[in-house]
Amino acid sequence: MGLPLPLSGVYLLYKDGEGMRCLPVRQDFNDWRNKEKMKRILSMTLAFLMLLSLLAGCGGAPQTNEPQNTPEPASDGGAETPDTPEAQSIQVAALASGYMEAYPNMWKEVCEAFTEETGIAVDLLTDKGLEDMIGPSMQGGDYPDVIHLATGREAGLTEQFIKDSNIAEITDVLSMTVPGESAKVGDKIAGGFTDTSLTNPYGDGKTYLAPMFYSPCGLFYNAGLFAEKGWEVPTTWDEMWALGDKAKAEDIYLFTYPTTGYFDAFLWALMYSAGGPEFFEAATHYEEGIWDTPEAQTCFDIIAKLATYTNPVTPAQANDQDFTQNQQLVLDNKALFMPNGTWIVGEMAEAPRADGFEWGMTALPAVSEGGDCYSYTWFEQAWIPAGAANVDAAKQFIAFLYSDKACEIFAKGGAIQPVLGIADSLEGDNKMFYSIYDNGAKAAMGGFAAYSAVAGLGTTREVFLDPVNGLVSGTISVDQWISDIKAASDQMRANLME
């Protein structure tokens, strides 16, 4: 370098404005009188030491952008399972319906069985007023991962989520394997249950709501009373009116209903009876002019006349808090018939009843002699909010609901899943209820088509069914009811969700 170095000692090379210099580290610093040089020397010494430290930490290896051959982390010993949800827990909100009256732990046990099978914990919420429990948190954007809440409720929460397109699509669940089994979900669900507007509300061939707890619906009555009086169960509406007059002479009303929401299954079966599947399809899609047809007028006339045969205390009790008091009217022989589903047995299991009471169930009477009698197949729904945090794990849970284990637990409360072959294992009242289609009744299935939310336009329940309270109490005329239906149908048709 052109700079002579001493032959021994420890030296530090540095450069300043005067060129390269050699400093013996052991030299007495007092010989240096230039403080500026001293500062530069100290700074260079520190930098030199930091560089040595860095090189030591890196082992002297050069830095490159080449991928490193690092070992893979230890695995669980199994193959990759991309379908396995990452969530460690989910929240499930389920309506505490009449089935839980018969078997209060059914949802708890199903959730525990799911956790045992998948390792995913479940935070379970159940309540009779489920909407009030989960509504406030959902308004704040905090959604349960799975909600079991059917359409037709007074609060209309499920319908609102449908209208707002806030329900996650679950078509892929049908091709999923049931956790703990080898069968696919779609192969276990009975035919037709995933082909209706109650599961595919937008008519786009996609499934958004899972069918749950199916029940043949019809008119429930006290078979013991009929045997005692020697009365025949009517098979036509003319026979029904004649029986109503006979019963009224003994201070028994022909009819009651728990809430107007129970008229959905009633109305849909009546539509089938009046005009068959074609009329039902047109009416539930609000086809222009449909409510001016003879079939529609038949439906209006029957409901209006039935209102005059209804126990007058019914409207005051027709709400989600007092509805069991209307059901009690049948158990006390104060009304002959009520529309309901098979859950009624568990729901009223502890209720008092008249001597000799025995459950009976019949399809809706035929419109005319020789006509078809229909029993609507009601089923509830489970669904995933679009804003749920754990959609993949939620789909696993819905798939598990069709497992043999879950079906067995649900059946303890009388909640029958729409799974192929399940009726073969039933007994008692359920055996009688689910055999209604073996005794001449035809099955009606489906519901009103979904439409976009419109300011001032209510739900189908508010438009079609709730006015029945007014028909019974006399606060609304039949003509006004029909006029309102026509006006609302025009808006519904214009805003159909396709």
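The structure contained in this document is the topic of the report that follows.

Conventions adopted
Residues numbered from 1 in each chain as written. Predicted model: local features only at pLDDT ≥ 70, side-chain atom pairs only at ≥ 80, totals over all residues. Heavy atoms only, no water. Pairing = 2+ DSSP bridges. Helix = DSSP H or I, 4+ residues; strand = E, 2+ residues; numbered from the N terminus. Axes fitted to C-alpha atoms, helices over the stretch in contact; angles between N-to-C directions. Contact = heavy atoms within 4.5 Å. Buried < 20%, exposed > 50% of the residue type's maximum accessible area, 1.4 Å probe, protein only. Polar contact = N/O pair within 3.5 Å; in protein donor to acceptor, adjacent residues only side chain to side chain. Salt bridge = Lys/Arg side-chain N within 4 Å of Asp/Glu carboxyl O.

1. Looking at the sheet that holds strand 7 (residues 218–222)
- Spatial strand order, 8-9-7-10: four strands in an open sheet with mixed pairing. Across the chains shown, the open sheet's two edge strands, defined by having one partner strand only, are strand 8 (253–255) and strand 10 (359–362). Ignoring which end each strand starts from, the neighbouring axes of this sheet average 25 degrees apart.
- Where strand 7 lies against strand 9 (residues 335–340), three bridges are found, and the strand directions are antiparallel. Bridge pairing in strand 9 links Leu219 to Pro339.

2. Side note on the side chain of Thr460
- Note that Thr460 resides in helix 17 (residues 460–465).
- Those residues in contact with Thr460 that sit more than four places away from it in its chain are Tyr286, Phe448, Tyr451, Leu465 and Met492.

3. Re the side chain of Gln381
- As for its position among the elements, Gln381 is in strand 11 (residues 374–383).
- For Gln381, a relative accessible area of 0% puts it in the buried group.
- Among the polar contacts listed, one links the side chain of Gln381 to the backbone nitrogen of Thr151, at a separation of 3.0 Å.
- Among residues more than four places away in sequence, those in contact with Gln381 are Ile147, His148, Leu149, Ala150, Thr151, Leu198, Leu209, Ala210 and Met212.

4. Quick look at the pattern of salt bridges
- This structure, assessed with the given rule, holds 11 salt bridges.
- A salt bridge links Asp404 to Lys188, with the shortest nitrogen-to-oxygen separation between them at 2.7 Å. Remark: Lys188 occurs in helix 6 (residues 185–188) and Asp404 occurs in helix 15 (residues 404–411); sequence separation between them is 216 residues.
- By relative accessible area, which is 9% here, Lys188 ends up buried.
- Residues Lys486 and Asp292 are paired through a salt bridge, measuring 2.5 Å at the closest nitrogen-oxygen approach. Taken together, the residues Lys486 in helix 19 (residues 478–494) and Asp292 in the loop between helix 9 (263–284) and helix 10 (294–308) connect sequence positions 194 residues apart.

5. Quick look at helix 12 (residues 323–331)
- Among the nine residues that make up helix 12, seven are buried, leaving the element largely enclosed by the rest of the structure.
- Within helix 12, the full set of buried residues consists of Phe323, Asn326, Gln327, Gln328, Leu329, Val330 and Leu331.
- Those residues of helix 12 that are buried are in contact with strand 7, helix 11 (314–317), strand 9, helix 13 (344–347) and strand 10.
- Positioned one or two residues after helix 12, Asn333 has a phi angle of 60 degrees, which is positive.

6. Description of the pairing of strand 10
- Neither face of strand 10 is open: one carries Trp359 and Met361, the other Gly360 and Thr362, and all of them are buried.
- Two elements, strand 7 and strand 10, share four bridges in a ladder whose sense is antiparallel. Looking across to strand 10, one finds that Tyr221 is bridged to Gly360.

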